[in-house]
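Structural description and commentary
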Amino acid sequence: MPEPKTKSRKAHALVGYFDTPADLFHCCETLRDEGYKDFDAHTPFPVHGLEHAMGLRPSRLPWIVLAAAAFGLSSAYLMQWWMGGVDYPLNISGKPSFALPSSIPIMFELTVLCSAFGTFFGMWGLNRLPRYYDPVMKHPSFGRATDDKFFIAVEAKEEKYDPEGTRALLEKLGAKELLEVEP
Amino acid sequence: MSGQVVKNGARDVAKLTPEQAKRVVTFGAAAAVVGLGVAGAAYAVDRQRFAYSYLVGFMFVTTIALGALMFVLIQHVTRAGWSVGPRRQMEWVSGILPWTVALFVPVAMNAHTLYEAWMGPHAAEDKGIAKKLGYLNPQFFFIRAAVFFSAWALLAWWFGKTSAALDDSKESKTLTKKMQAASAPAILVTALTLTFAAFDWLMSLEPKWYSTIFGVYIFSGGFWSSLALLALMTIYLQGKGFFQRVSTVEHRHDIGKLLFGFTVFWAYIAFSQFFLIWYANIPEETIFFKHRWVESWQQVSMLLLFGHFVIPFLWLMPRTIKRSNAGLAIAAVWCLAMHYVDMYWLVMPNLDHQGAHFTWIDLGGLLGPVGVAALAIALRASKGSLFPVGDPRLPEAVRLQNL
């Protein structure tokens, strides 16, 4: 493996903050245009359009939900067909032991249930949860990300990361209290 | 284009030029003349078939207009901000309602053909019908119709007029609050009149059959197709260069989401109606679906299942389709066609007992009411502004974003 030139092996990320969402927005746009990918923003409230400024691709979550929904729908059908129609048919008021109309409510419910699970746990998976803390939180002022500061964190695993160059770039954009946090 | 400048940074063209307005009205008038012409010819050729075909067309137009009125009322009662622009187009569509009383004349004239089972001389001989004659009798039927039409005309007129008054009123907040206060009782009135109109004009075609969810079923289809019409009008107006700010791709996306949602709502209600009847398996209830499972009616029933639910459901699911002009327009045209199939499926089996066969008479029954509706919309569109210029929630509509 080629040795990275100036990459600090210890640092996890370079973390700093801005006073206004506009500054953060501008910073994200600049990083995106510079070709940075592994960086994240932490804000006290949702900043509209930030995902575009960061150049994030649309979430893969809908596909996970679709797969979960298809699984729920088909498993509900197969389960009822197997239980009611094949394995243990019961004669109830002379009604057919298996029929599609009577199966639809269960098919609907399991589709909804599996979609909800797919959404909730799919989100966990995509966000690598549960996780008790993120190294970014080691920044001494990080608590203010839930109050009045707008944080930027450029991860060291980023291809373009360079302790001096990235720091200079962020400083130029107005980031404050820039610190390298350890993993 | 004449430019009425709007506050809050939005500088959309708010009015049609006199030439454009004239063209819109000419188009509406032409549609009405052609529609009524075809309808008249159909009436002359086959009076009996036309009575049923016309009822299909009449219900198609009336349910869409009621859906639009309901949309307007819901925006007021929920104090919706995003829909301030699209609300105006729905006010135009609900403007069909004062005309429905005129559109009802052919139905009233043919009432004895359509509702022979309980209006005819043999009604009292059938025990199942005799008990219902206290409600189902010609006098009460026409009194109720008069109540429905008065209520609808009043609501459509008042909400349209008050919303238009926002444009140059200094008390737009007071007017908005007034509409908000009136909208809740108005929803109640619309829901009840719509339900009983559905009972009177459609369900009573088979007087022994009944379904308590029938009113909701009619509402779901009407609301769904009024959203489809709104999508088409929005795409058209945006394509013509109107609505740069008050209505954008974000608003279209939201209309698409509602269309998607009500696709599911219709299916939910339609299945709820079918499921209980299927499960209980009582002859006077199952007869409704038995009539719709004869010969080619079977294919029409399946067309409804797939065309009214499965296909639009899958088509409208992706975000990109709802945000694409072509994707949403295709869905909207398809939904309107399916709403017609739905109305056809409700009415025509009472005439075509041996299976569905569509003829040009049916087209006449559709085009007559649709032409008049087009004129009613055109007359509203040609007057006043294209969106409520003075609405206090306009800035909110301009800011809309889908994350």
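Residues numbered from 1 in each chain as written. Chains lettered and ligands numbered in written order. Predicted model: local features only at pLDDT ≥ 70, side-chain atom pairs only at ≥ 80, totals over all residues. Heavy atoms only, no water.

Let us now look at the overall build of chain B. Counting its regular elements, chain B contains 18 helices and zero strands. Scored against the burial criterion, the 403 residues of chain B give a buried share of 55%. Long-range contacts, defined here as pairs at least 24 residues apart, represent 81% of the contacts in chain B between residues at least 6 apart. Between the mean site of the 33 positive side-chain charges and the mean site of the 22 negative ones, chain B shows a separation of 11 Å. (Helix = DSSP H or I, 4+ residues; strand = E, 2+ residues; numbered from the N terminus. Buried < 20%, exposed > 50% of the residue type's maximum accessible area, 1.4 Å probe, protein only. Contact = heavy atoms within 4.5 Å. Lys, Arg positive; Asp, Glu negative; His and termini not counted. Charge placed at Lys NZ, Arg CZ, Asp CG, Glu CD.)

The subject of this paragraph is the environment of Thr 359 of chain B. All names here are of chain B. Following the sequence through the fold, Thr 359 ends up in the loop between helix 16 (325-347) and helix 17 (360-382). Residue class for Thr 359 comes out partly exposed when judged on its relative accessible area of 24%. When the C-alpha positions of Thr 359 and Thr 162 are compared, they lie 43 Å apart, and in sequence the two are 197 residues distant.

What follows is about the sheet that holds strand 3 (residues 150-155) of chain A. Residues and elements named next belong to chain A. If you trace the four strands from one edge of the open sheet to the other, you get 2-3-1-4, paired in antiparallel fashion. Among the strands making up the open sheet, the edge pair consists of strand 2 (39-42) and strand 4 (176-181). Recorded for the sheet is a direction-independent mean angle of 15° between the axes of neighbouring strands. Relative to strand 3, strand 2 is paired through four bridges, and the arrangement is antiparallel. Within the sheet, the bridge partner assigned to Ala 41 lies in strand 3 and is Ile 152. Against the sheet, helix 1 (residues 21-34) engages strand 1 (13-18), strand 2 and strand 3, with an angle of about 20° to strand 3. (Pairing = 2+ DSSP bridges. Axes fitted to C-alpha atoms, helices over the stretch in contact; angles between N-to-C directions.)

As a further point, take the nonpolar core. Residue and element names in this part refer to chain B. With 126 residues, the main nonpolar core has Leu 55, Phe 58, Tyr 115, Trp 201 and Leu 202 as its most contacted residues. The dominant element in this core, judged by the number of residues it contributes, is helix 2 (residues 47-77), at 19 residues. Beyond its immediate chain neighbours, meaning those up to four positions away, Tyr 115 contacts Leu 55, Val 107, Gly 120, Phe 141, Asp 200, Trp 201, Ser 204 and Leu 205. (Core = buried A, V, L, I, M, F, W, Y, C linked by side-chain atoms within 4.5 Å.)

Each side of the interface is counted separately: chain A has twelve residues, and chain B has nine residues. Each partner contributes to the roughly 890 Å² buried at the junction of chain A and chain B, and carbon and sulfur atoms together form 78% of this total. It is His 48, Lys 95 and Pro 101 of chain A in chain A that bury the most area against chain B; as a group they hold 45% of the surface buried on that side. Where chain A touches chain B, the interface holds zero salt bridges. In this assembly, chain A and chain B are joined by two residue pairs in polar contact (both at pLDDT 80 or more). When residues in the side of chain A that touches chain B are grouped by element, the largest group, five residues, is from helix 4 (residues 100-126) of chain A. Looking at the side of chain A that touches chain B residue by residue, the class counts come to seven nonpolar, three polar and two charged. (Buried area = accessible area lost by both parts, 1.4 Å probe. Salt bridge = Lys/Arg side-chain N within 4 Å of Asp/Glu carboxyl O. Polar contact = N/O pair within 3.5 Å; in protein donor to acceptor, adjacent residues only side chain to side chain. Nonpolar A, V, L, I, M, F, W, Y, C, P; charged D, E, K, R; others polar.)

We now examine the pairing of strand 3 of chain A. All names here are of chain A. With five of its six residues buried, strand 3 lies for the most part within the structure. Two strands pair when backbone bridges link them, and strand 1 and strand 3 are joined in this way by six bridges, in the antiparallel orientation. Pairing of Tyr 17 across the sheet is with Phe 151, part of strand 3.

This paragraph deals with the pattern of salt bridges. The tally for this structure, following the rule as stated, stands at 16 salt bridges over all chains. Salt bridges linked by common partners bring Arg 87, Arg 88, Glu 91 and Asp 391 of chain B together as one network.

Our next topic: the confidence of the model for chain B. Looking at chain B as a whole, its pLDDT mean stands at 92, while 97% of the residues score no less than 70. This stretch, residues 1-10 of chain B, has a pLDDT under 50; its non-local contacts, to residues over four places away or in other chains, come to 21 contacts. (pLDDT = per-residue confidence, 0-100.)

Residues and elements named next belong to chain B. Overall, the coordinates contain 57 aromatic pairs over all chains when judged by the stated rule. An angle of 85° between the planes, with centres 5.8 Å apart, marks the rings of Trp 209 and Phe 214 as edge-to-face. A centroid spacing of 5.3 Å and a plane angle of 35° characterise the contact between Phe 309 and Phe 313, whose relative ring orientation is tilted. With Phe 309 and Phe 313 both in helix 14 (residues 297-315), this residue pair falls four residues apart, about one helical turn. Taking relative accessible area as the criterion, Phe 309 reaches 22% and is therefore assigned partly exposed. Taken together, Trp 209, Phe 214, Tyr 217, Trp 266, Phe 271, Phe 274, Phe 275, Trp 278, Tyr 279, Phe 288, Phe 289 and Trp 345 form an aromatic cluster joined through their ring pairs. Between Arg 292 and the ring centre of Trp 345, over which it is positioned, the NZ or CZ distance is 5.5 Å. (Phe/Tyr/Trp six-rings, centres within 6.5 Å; stacked < 30°, edge-to-face > 60°. Lys NZ or Arg CZ within 6 Å of the ring centre and 35° of its normal.)

Residue and element names in this part refer to chain B. In this fold, Thr 263 is placed in helix 12 (residues 249-280). Its relative accessible area of 0% is what places Thr 263 among the buried residues. Reaching out from Thr 263, the side chain makes a polar contact with the side chain of Trp 224 at a distance of 2.8 Å. For Thr 263, the residues in contact, after removing those within four places along its chain, are Trp 224, His 308, Phe 309, Pro 312, Phe 313 and Leu 316.

Another aspect to go through is helix 2 of chain B. Because the α-helix completes a turn every 3.6 residues, residues three or four places apart line up on one side. Residue and element names in this part refer to chain B. Helix length check: helix 2, at 31 residues, gives a terminal C-alpha distance of 44 Å against a target of 45 Å (1.5 Å per residue), a fit within 8%. Among the 31 residues in helix 2, 27 count as buried, and that is most of the element. Directly after helix 2, the chain includes Arg 79, whose backbone phi takes a positive value near 55°. (Expected span 1.5 Å × (residues − 1).)

For the rest of this paragraph, the subject is the state of the cysteines. Note on terminology: a disulfide is the covalent bond linking the sulfur atoms of two cysteines. Tallied over the entire structure, the rule returns zero disulfides over all chains. This cysteine, Cys 28 of chain A, is not joined by any disulfide, and Cys 27 of chain A carries the nearest cysteine sulfur, 5.5 Å off. (Disulfide = S-S within 2.5 Å.)

Here Leu 136 of chain B is to be found in the loop between helix 8 (127-130) and helix 9 (138-165). Residues within four places of Leu 136 of chain B in sequence aside, it is in contact with Trp 118, Arg 144, Ser 204 and Pro 207 of chain B.

Okay, helix 4 of chain A next. Turning to helix 4 of chain A, its buried residues are Pro 101, Ser 103, Met 107, Thr 111, Cys 114, Ser 115, Gly 118 and Gly 122 of chain A. Looking at the buried side of helix 4 of chain A, the elements it contacts are helix 3 (61-87) of chain A together with helix 12 of chain B. Immediately beyond the C-terminal end of helix 4 of chain A, within one or two residues, lies Arg 128 of chain A, with a positive phi of roughly 50°.

Once that is clear, we can look at the environment of Gly 37 of chain B. By secondary structure assignment, the location of Gly 37 of chain B is in helix 1 (residues 18-45). Sequence-wise, Gly 37 of chain B and Asp 167 of chain B are 130 residues apart; in three dimensions their C-alpha atoms are separated by 38 Å.

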